[in-house]
Amino acid sequence: MMSKNNPEWLKKYPTEIFIGINGPKLDAYALALEGWRRGLTLKWHSQEAPAFTKMKTWHVDRPGQLFSLADENKEHFFFRTRGDIVSNQAVDISANKGITKAYLEKSNVPTPKGKIFDSEATDQEIINYAKELGFPLVIKPTDDSFGRGITVNISNEHEFIEALKYTRHQKKYENIIVEEHITGDDYRLYVVGDQVVSAVHRTPPYVIGDGYSTIKKLINNTNKVRLKNPHLASRLIKIDREVIDLLERSGYTINTILKKDERVFLRSKSNLSAGGDAHEKLEELGDKIKSIAVAAVKSIPELYHCGVDMIIDHEKKHAFVIEINATAHIGSSIFPGAGKAKDIPAAIIDYYFPETNRLAQDSPVIYFPFKEQLSLLANPTLQSITVLEPPVGKLTKSVYKLKGRVSSRRYQNNIKKWAVAQNNISGYLKKISRRVIEVVIVTNNDEILERFEAILKHKSNDIVIEKKTSHDNNHHSAIEVGFKIKNSSKLIWQLKQKRYQYQFIRWILTVLEGLSFLFQSRLVHKIFKRRKHENKE
């Protein structure tokens, strides 16, 4: 079970800053955050932005997946994890499994033997080819993902005919591939340039017995662990007909008590969206396997970084490339269910902006609130927004405790005004008690810090100020860019602390955040509409 694997996540990505960010938006946020924290100018864009009308994108009707990063010399545009140096042709090739196979074979990259069949081919032609190729086999559509329409390990002609009916006639896929079924482990390798920077071993969901818990209880325990993982929190194991049928075929029910250390798989496919597990295992792969992944990427013109799906047989020491994904998810590498996380965002930013690889922030982590920024793009006339620049480099964190008559809103707003007036300051003000507040300041400039401190002391008559300064070694601390007065309700704060413990709390917070986003979006839209009307008058 995942809880026994003790995953080691990247310390510069505290889990609290990813709360409520799922799927491809988590990928985009992690990559944008990495570039932004190096001092690059970050802009989020709507789908109407000119740069993205020429770039292959999909499902971008809501903001959060299109952004750009720039320094004083150049600007690059990104869709999720894919940057603008990857051509549309490369995206089209990798999206079609049949064309990808042709490019792999042309470059002598190991890939299962097989053949593409279009809508003109008859079922009998396909069946004849299957018998000629020999079982076991795989049937899959040429242009879909997430395992849809795929049947693997087809062992005889009868099973093949049924699988063909399912893919071609029930699911209505006109173009399909019939190929050898390769035994081995399912891996997603991520390649940047000439380097493999991540290797995620994907397995179907499973549970491991403890000697006294039912399978149902073990699934619930596993889901509690997944809820603590920002990437897996929205990908829980559901007890559905597929799970029940597979258990019954193996002689179990959901009420079976497994022996200690007994492992039982719950599905036949390793899709994370269906509860599959992701274990980071880059260090366990040899150079030969890594070189195959790099060669696969190089076989497709103008494809410089992407995910490579492989089947690896460690005993026979061979590997085959199954598919290539030009816009691959990277959440499994940043937040694996087991193993040591790999910093794909840093590798991609190094590739696009190599001169910034020494400009990353010191601790504590400065971040920007993802959803608050994107709500501004609700205005249909606004195509992009620029995120406030963070302090970069060696950061000093100063904590002030102010005691006395500090509870007035006017005084607290003045402190915020003094902080905002300084450049390169981030931090917050938080109420400790009726007569005590805490002010936290983070900056990379000692002169600015001294100036703020002088103003604070000069303007705070009859108030006791205690200061603690340190070059913070707590990498898990995260401070929002800019300066805020923290006044959120105690109930919401308590709910957020338990978000990764209970699924229903995650649902409640997701609904509240969605309503907040909707409210902010409509409010921003009304403000811009009103201003536009006033300008006309």
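Now for a description of the structure that goes with this document. Values in this document were obtained by computation on a predicted structure and should not be read as measured data. (Residues numbered from 1 in each chain as written. Predicted model: local features only at pLDDT ≥ 70, side-chain atom pairs only at ≥ 80, totals over all residues. Heavy atoms only, no water.)

## Describing the overall build of the protein chain
Using the following cut-off: Strands are runs of DSSP state E lasting at least 2 residues, helices are runs of H or I lasting at least 4, and numbering of each runs from the N terminus. Partly exposed describes any residue whose relative accessible area lies between the buried limit of under 20% and the exposed limit of over 50%, with all areas from a 1.4 Å probe on protein chains only and scaled to the type maximum. Any two residues whose heavy atoms approach within 4.5 Å at even a single point are treated as in contact.
Counting its secondary structure elements, the protein chain contains 16 helices and 23 strands. Going through the 537 residues of the protein chain one by one, you find that 49% of them count as buried. Counted over contacts in the protein chain with a minimum sequence separation of 6, partners at least 24 positions apart contribute 74%.

## Observations regarding helix 4 (residues 97-106)
For the record, the criterion: Arc, as used here, means the arc of the directions from the helix axis to the C-beta atoms. Polar contacts here mean pairs of N or O atoms no more than 3.5 Å apart (in protein, one a potential hydrogen donor and the other a potential acceptor; neighbouring residues in sequence count only if both atoms are side-chain atoms).
Three or more residues of helix 4 are buried, namely Lys 97, Gly 98, Thr 100, Lys 101 and Leu 104. The buried residues of helix 4 occupy one face: seen down the axis, they fall within an arc of 160 degrees. The inward-facing, buried residues of helix 4 abut helix 3 (88-95), strand 5 (114-117), strand 6 (137-141), strand 8 (176-180), helix 9 (287-298) and strand 15 (318-325). Two or three places before Gly 98, at the start of helix 4, stands the capping residue Asn 96, its side-chain oxygen 2.9 Å from that residue's backbone nitrogen. Two residues or fewer past helix 4, Asn 108 is found with a positive phi of approximately 60 degrees.

## Observations regarding the side chain of Ser 333
Looking at the secondary structure, you find Ser 333 in helix 10 (residues 331-334). For Ser 333, the contacting residues outside a window of four places in its chain are Ser 198, Val 200, Glu 280, Ala 341, Lys 342 and Ile 344.

## Some thoughts on the packing of helix 13 (residues 409-420) against helix 14 (residues 446-459)
Helix packing geometry: the angle between the two helix axes and the distance between the axes. Note the threshold: The axes used here are C-alpha line fits, helices contributing only the stretch in contact, and every angle between their N-to-C directions lies in the interval 0 to 180 degrees. Roughly parallel covers angles under 35 degrees, roughly antiparallel covers those over 145, roughly perpendicular covers 65 to 115, and oblique covers all other angles. Two helices that cross are described as forming a left-handed crossing if the nearer one is turned anticlockwise from the farther one by less than a right angle, and a right-handed crossing if clockwise.
Direction vectors running N to C along helix 13 and helix 14 enclose 155 degrees, while the axes themselves pass 10 Å from each other. As judged from the angle between their axes, helix 13 and helix 14 are roughly antiparallel. Like other packed secondary-structure pairs, helix 13 and helix 14 cross with a definite hand, here right-handed. Side by side, helix 13 and helix 14 meet where Tyr 411, Ile 415, Trp 418 and Ala 419 of the first sit next to Phe 452, Ile 455, Leu 456 and Lys 459 of the second.

## Concerning the pattern of salt bridges
Quick note on the threshold: What counts as a salt bridge is simple: a side-chain nitrogen of Lys or Arg found within 4 Å of a carboxyl oxygen of Asp or Glu.
Counted under the stated rule, the structure contains 26 salt bridges. The closest approach of N and O atoms between Arg 188 and Asp 309, which form a salt bridge, is 2.4 Å. On the criterion of sequence distance, the pair formed by Arg 188 in strand 9 (residues 185-192) and Asp 309 in strand 14 (residues 305-313) is long-range, its members being 121 residues apart. Grouping residues by exposure puts Arg 188 and Asp 309 together as buried.

## What to know about the sheet that holds strand 5
For clarity, the threshold we go by: Any two strands are treated as partners once DSSP identifies two or more bridges connecting them.
Taken in spatial order, the four strands line up as 5-8-6-7 in an open sheet, and their pairing is antiparallel. Strands at the two margins of the open sheet, each flanked by one partner only, are strand 5 and strand 7 (151-154). Going across the sheet, the axis of each strand differs from the next one's by a mean of 15 degrees, ignoring polarity. Here two bridges tie strand 6 to strand 7, and the two strands are oriented antiparallel to one another. Each bridged residue has a counterpart across the sheet, and for Ile 139 the counterpart in strand 7 is Thr 151. Here helix 6 (residues 157-170) sits on the sheet in contact with strand 6, strand 7 and strand 8, set at roughly 170 degrees to strand 7.

## Considering the packing of aromatic side chains
Ring pairs (aromatic) are described by centroid distance and by the angle formed between their planes. Let me state the cut-off plainly: Only centres within 6.5 Å qualify two rings of Phe, Tyr or Trp (six-membered ring in Trp) as a pair; their planes then separate them into stacked at under 30 degrees, edge-to-face at over 60, and tilted for everything else. A positively charged side chain is recorded as over a ring if its NZ (Lys) or CZ (Arg) lies within 6 Å of the ring centre. The angle to the ring normal must also be within 35 degrees.
By the definition in use, this model includes 20 aromatic pairs. Here Lys 486 stacks its cationic end above the ring of Tyr 428, 3.8 Å away from the centre of that ring.

## A short note on the environment of Thr 356
Looking at the element boundaries, Thr 356 is found in the loop between helix 11 (344-352) and strand 16 (365-367). Since its relative accessible area comes to 4%, Thr 356 is described here as buried. With 316 residues separating them along the chain, Thr 356 and Leu 40 place their C-alpha atoms 8.4 Å apart. With residues near it in sequence (within four places) discarded, Thr 356 still touches Arg 38, Leu 40 and Ile 349. Only 3.1 Å separates the side chain of Thr 356 from the side chain of Arg 38, close enough to count as a polar contact. Engagement of the side chain of Thr 356 in a polar contact is seen with the backbone oxygen of Phe 353, the distance being 2.8 Å.

## Considerations on a positive patch on the surface
Test applied: Excluding any residue in a salt bridge, patches collect residues exceeding 30% relative accessible area, merging like charges within 9 Å and nonpolar Val, Leu, Ile, Met, Phe, Trp and Tyr side chains within 5 Å. For the accessible areas, the method is Shrake-Rupley and the probe is 1.4 Å, while residue cover comes only from the protein chains on display. Charge convention: Lys and Arg are scored as positive, Asp and Glu as negative, and His as well as the terminal groups of each chain are ignored. To locate a charge, take atom NZ for lysine, CZ for arginine, CG for aspartate or CD for glutamate.
On the surface, a cluster of positive charge is made up of Arg 405, Lys 431, Arg 434 and Arg 435. Along the chain, Lys 431 falls in strand 19 (residues 425-433).

## Looking at the sheet that holds strand 14
Judged by pairing direction, the sheet is antiparallel, and its five strands sit side by side in the order 13-10-9-14-15 without closing on themselves. Of all strands in the sheet, those with a lone pairing partner are strand 13 (277-280) and strand 15, marking the two edges. The sheet shows a mean angle of 30 degrees between the axes of neighbouring strands, taken without regard to direction. Of the pairings in the sheet, the one linking strand 14 to strand 15 comprises seven bridges and is antiparallel in character. Residue Ile 311 lies in a different strand from strand 15, and its bridge partner there is Phe 320. Packed on one face of the sheet, helix 9 meets strand 9, strand 10 (195-203), strand 14 and strand 15 and runs near 135 degrees to strand 14.

## Let's talk about unusual backbone geometry
The general pattern is negative phi for most residues beyond glycine and trans for most peptide bonds. Residues Phe 135 and Pro 136 are joined by a peptide bond in cis, for which omega reads 5 degrees. Unusually for a residue other than glycine, Asn 108 sits at a positive phi of about 60 degrees. Among the structural elements, Asn 108 can be located in the loop between helix 4 and strand 5. Look at Asn 108 and you get exposed, because its relative accessible area is 69%. Unusually for a residue other than glycine, Asp 261 sits at a positive phi of about 70 degrees.

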